[in-house]
Amino acid sequence: MKRLLVFKDSQAAGAGVLRTALAGRPEPFAADVTVGTRVPSSRSPEEQFRYVLVRKDGDAPHSSMAMSRVLLRVTAWHEDADQAHDLAMLCQGLLVCHDGSVLSAVRPNGGPLPGTDPDSGVDLSTFTVRVNVRADVLE
């Protein structure tokens, strides 16, 4: 009988890694940042909106099903374009230097690229990373 294998939730894992790593960072642009996996409904510049979104854009399970290579997209909103970029760069670095206990072999894929939220006009910066996610064996 084949083993039942499922992959960990890479999106939630990426958000968890960043939430933990950003806590207590000394950089002023990293203060009071919220990390999540859904775009907030309220993104007003008047609220000094500081948010990091982690989304899974795709995955490619290995034929052995031992691991999957996942593409994570991270978007950072901030008060201005420079701080959005700086926050995105910091997040990318924090993911790449992660110890591998949750996500392994994190590698930059593209970005950070600047942008503007089309609904609110808030500055943002987006990048992608490729990560390996191990499978769990279920009984």
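A brief structural summary.

Thresholds, definitions, all that
- Residues numbered from 1 in each chain as written.
- Predicted model: local features only at pLDDT ≥ 70, side-chain atom pairs only at ≥ 80, totals over all residues.
- Heavy atoms only, no water.
- Axes fitted to C-alpha atoms, helices over the stretch in contact; angles between N-to-C directions.
- Helix = DSSP H or I, 4+ residues; strand = E, 2+ residues; numbered from the N terminus.
- Parallel < 35°, antiparallel > 145°, perpendicular 65-115°, else oblique.
- Contact = heavy atoms within 4.5 Å.
- Nonpolar A, V, L, I, M, F, W, Y, C, P; charged D, E, K, R; others polar.
- Salt bridge = Lys/Arg side-chain N within 4 Å of Asp/Glu carboxyl O.
- Buried < 20%, exposed > 50% of the residue type's maximum accessible area, 1.4 Å probe, protein only.
- Pairing = 2+ DSSP bridges.

We now examine the packing of helix H1 (residues 10-22) against helix H2 (residues 81-96). Close contact between H1 and H2 brings their axes to 10 Å; oriented N to C, the two are set at 110 degrees. As judged from the angle between their axes, H1 and H2 are roughly perpendicular. For the pair formed by H1 and H2, the contact residues are Gly14, Val17, Leu18, Ala21 and Leu22 on the first element and Leu87, Leu90, Cys91, Leu94 and Leu95 on the second. Grouping the constituent residues of the contact of H1 with H2 by class yields nine nonpolar, one polar and no charged.

Summed over all chains, the structure comprises five salt bridges. Between glutamate 79 and arginine 50 there is a salt bridge, and its shortest N-O distance comes to 2.9 Å. With glutamate 79 in the loop between strand S4 (67-78) and H2 and arginine 50 in the loop between strand S2 (34-36) and strand S3 (51-61), this pair connects stretches of sequence that are 29 residues apart. Overall, glutamate 79 belongs to the partly exposed group, its relative accessible area being 29%. For aspartate 57, the salt bridge goes to arginine 73, with nearest N and O atoms at 2.9 Å. Residue aspartate 57 is located in strand S3, and its partner arginine 73 is located in strand S4; the two are separated by 16 residues in the primary sequence. Aspartate 57 gets classed as partly exposed once you look at its relative accessible area, which sits at 39%.

Attention now moves to the pairing of strand S5 (residues 104-116). Pairing of S5 with strand S6 (residues 123-138) involves eight bridges; the strand directions are antiparallel. Across the sheet, residue proline 114 finds its bridge partner in S6, namely serine 125. The turn joining S5 and S6, which pair antiparallel and follow one another in sequence, is formed by six residues; a positive phi near 80 degrees is taken by glycine 121.

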